[in-house]
Amino acid sequence: MTTEMLHFTPEEIARAADLLRQGETVGMPTETVYGLACDAGNPSAVKKVFAAKGRPADNPLIVHIADIADWKPLVKEIPPLAMRLAERFWPGPLTIILPRSEAVPAITAGGLDTVGVRFPAHPAAQALIRAAGVPVAAPSGNRSGSPSPTTAAHMLADMDGRIPAILDGGSCICGVESTVILLDDAESVRVLRPGFVTPEQLQTVAAHVTVDPAVLARVEPGTVVRSPGMKYRHYAPNAQVTLVEGDQAHFLAFMASHREAGEFALCFDADEPLCKAAGIRCLPYGDTDEARAAAFFSRLRELDDAGAAHVYVRAPHTDGVGLAVFNRLLRAAGYDIVSTESSEEGEW
Ligand code: AMP
Ligand code: MG
């Protein structure tokens with residue numbers, strides 16, 4: 001199959017919507033990352049999404065809508081807290097999990113009795129969902145396990161020949177997948193996956209916000225630990241990834257002993273001139289949480305293209321949007337994390 005590249009014009013939105021209605025899959029730009037879209041209510045279309053991605057059948061798909069009114073038929077009920085969150089953060093990068101209705105097939109929900117729903121902010125996603133006239137299931141548009149695509153070209157690199165079309169909507173503004181939450185009770189929100197909507201922002205609507213411990217299975221600073229997490233790599237490039245915690249001086253000292261061919265630093269912008277001066281191969285990925293979120297998946301792909309065998313990533317902090325970036329990098333690294341504050345490696 002040839003993968004057609006479509007553009008954000010009325011004719012090509014109509015073409016993409018026709019494909020969705022016919023039970024086909026289409027690459028869809030959103031403000032978070034590119035998704036692989038299909039008709040959420042059509043089990044055979046959903047099956048194609050799992051097949052194209054190589055996604056395990058127990059990993060649920062998020063269902064996308066383009067009007068809050070389209071949420072109600074998908075779930076058993078919408079508690080007041082969920083509605084308040086939707087009114088505050090939709091359209092936007094927040095996915096709300098609730099018990100699903102019969103309208104959502106079990107295959108879409110990965111066999112769970114719940115469904116995560118989101119109203120994306122990207123105008124091309126909204127236009128496509130509205131033109132299709134059905135709720136659209138869309139996981140990230142990468143092959144399972146790979147970095148999420150933040151451009152149409154990255155999605156094509158993973159999906160060329162596997163899907164009929166990709167709608168090109170430019171680079172994704174957030175660059176990191178949506179915040180996924182569930183409600184523990186009438187006033188409590190639990191963050192299952194951090195994203196651009198931060199726990200601090202959720203706190204402005206919900207009385208209690210907790211972050212699930214699985215989000216930050218991080219080691220305490222001061223210890224040098226290499227977790228054997230290679231069993232569960234996610235968001236990962238071909239290169240091996242190690243997350244390196246510590247301030248700039250410690251990071252540079254650590255990298256000074258990792259200057260072999262194939263070893264690269266994914267550093268902050270401010271580290272770049274110092275890395276270069278020390279003969280450390282590097283790519284910068286930003287100096288703010290938002291810039292790093294927008295850049296890191298793309299940078300991991302660029303490092304693969306540059307022939308990196310091992311990428312040492314300067315760990316972001318875990319406040320605000322930084323939590324989402326840290327969470328993805330930790331998994332990209334298969335939990336391989338080094339704290340340099342107490343490390344004896346290298347001398348600067
Ligand atoms: P992706 O679309 O590739 O970003 O993956 C969607 C992710 O959202 C899944 O891997 C889950 O972590 C989460 N998710 C979606 N729906 C549910 C649900 N019903 N219950 C729990 N987690 C969910
Ligand atoms: Mg994904």
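Thresholds, definitions, all that
Position labels on residues start from 1 in each chain and follow its written sequence. Ligands are numbered from 1 and chains lettered from A, in the order in which they are written. In view of the model being predicted, local features appear only for residues whose pLDDT reaches at least 70, and side-chain atom pairs are presented and counted only at 80 or more, with totals across whole chains, interfaces and linings using the full set of residues. As a rule here, side-chain values cover all heavy atoms of the structure and leave hydrogens and water aside. Runs of H or I in DSSP of at least four residues are treated as helices and runs of E of at least two as strands, each being numbered from the N terminus. Taken over C-alpha atoms, the radius of gyration is set against a globule rule of 2.2 Å times the number of residues to the power 0.38. The cut-offs for exposure are 20% and 50% of the maximum accessible area for each residue type, with area from a 1.4 Å probe on protein chains only; residues under the lower value are buried, those over the upper are exposed, and the others partly exposed. Should any heavy atoms of two residues lie within 4.5 Å, those residues are counted as being in contact. Surface exposure here means Shrake-Rupley accessible area, sampled with a 1.4 Å probe, where a residue is shielded only by the protein chains that are shown. Residues counted as positive are Lys and Arg, residues counted as negative are Asp and Glu, and His and the chain ends are not counted. The location of each charge is read from NZ of Lys, CZ of Arg, CG of Asp or CD of Glu. Angles here are taken between N-to-C directions and fall from 0 to 180 degrees, while the axes themselves are lines fitted to C-alpha atoms, restricted in helices to the stretch in contact. Each angle receives one of four descriptions, namely roughly parallel if under 35 degrees, roughly antiparallel if over 145, roughly perpendicular if within 65 to 115, and oblique otherwise. Helix crossings are classified by the rotation of the near helix relative to the far one: an anticlockwise turn of less than a right angle makes the crossing left-handed, while a clockwise turn makes it right-handed. Charged residues are taken to be Asp, Glu, Lys and Arg, nonpolar residues to be Ala, Val, Leu, Ile, Met, Phe, Trp, Tyr, Cys and Pro, and polar residues to be all remaining types, Gly included. Think of a nonpolar core as a cluster: buried Ala, Val, Leu, Ile, Met, Phe, Trp, Tyr and Cys residues, connected wherever their side-chain atoms sit within 4.5 Å. Criterion used throughout: strands pair if DSSP finds at least two bridges between them. Nearness of a residue to a molecule or strand requires only that one of the residue's heavy atoms be within 4 Å of it. Within 3.5 Å is the distance limit for a polar contact, defined as a pair of N or O atoms, with the added protein rule that one can donate a hydrogen and the other accept it, and that residues adjacent in sequence qualify only through two side-chain atoms.

Of the regular secondary structure elements, the chain holds 10 helices and 16 strands. A compact globule built from 348 residues should have a C-alpha radius of gyration of about 20 Å, and the chain, at 20 Å, falls within 12% of that. Taking all 348 residues of the chain together, 57% fall into the buried category. For the chain, long-range pairs separated by at least 24 residues make up 68% of all intrachain contacts whose partners lie at least 6 apart in sequence. Carbon and sulfur atoms provide 54% of the accessible area of the chain, an area that totals close to 13700 Å². The distance from the centre of the 30 positive side-chain charges to the centre of the 43 negative ones in the chain is 5 Å.

As a further point, take the packing of helix 1 (residues 10–21) against helix 4 (residues 123–132). With their axes 8 Å apart at the nearest point, helix 1 and helix 4 run at an angle of 55° to one another. In terms of axis orientation, helix 1 runs oblique to helix 4. For helix 1 against helix 4, the interelement crossing comes out right-handed. From helix 1, Ile-13, Ala-16, Ala-17, Leu-20 and Arg-21 reach across to helix 4, where they touch Ala-124, Ala-127, Leu-128, Ala-131 and Ala-132. When the residues that make up the contact of helix 1 with helix 4 are grouped by side-chain class, the tally is nine nonpolar, no polar and one charged.

A few words on the nonpolar core. By size, the foremost hydrophobic cluster in this structure holds 63 residues, and its most contacted members are Trp-71, Leu-85, Trp-90, Leu-94, Ile-96, Val-189 and Leu-202. In this view, Val-189 contacts Leu-81, Leu-85, Ile-181, Leu-182, Leu-183, Leu-202, Ala-206, His-208, Val-209 and Thr-210; residues no more than four positions away in its chain are not counted. Counting residues in hydrophobic clusters, the runner-up holds 32 residues, among them Cys-174, Phe-196, Phe-296 and Ile-337.

We now examine the sheet that holds strand 13 (residues 263–267). Taking strand neighbours across the sheet as the criterion, the five strands line up as 14-13-15-12-16 in an open arrangement whose pairing is parallel. Of all strands in the sheet, those with a lone pairing partner are strand 14 (282–284) and strand 16 (337–339), marking the two edges. Each strand of the sheet is rotated relative to its neighbour by a mean of 25°, with strand direction disregarded. Bridging between strand 13 and strand 14 involves three bridges; their strand directions are parallel. Bridged to Leu-266 within strand 14 is Leu-283. This element, helix 10 (residues 322–332), spans strand 12 (240–245), strand 15 (310–314) and strand 16 of the sheet and lies at about 135° to strand 12.

Our focus in this paragraph is the site of ligand 1. Close contacts around ligand 1 come from 15 residues, with Asn-59, Thr-114, Pro-139, Ser-140 and Arg-193 the closest. Asn-59 has a polar side-chain atom sitting 2.5 Å from an oxygen atom of ligand 1. Contacts to ligand 1 include Thr-114, whose side-chain N or O atom sits 3.0 Å from a nitrogen atom. Considered on its own, ligand 1 offers 500 Å² of accessible surface; in the complex 82% of this is hidden by protein. Per element, the largest residue contribution to the shell around ligand 1 is three residues, and it comes from strand 6 (residues 114–118).

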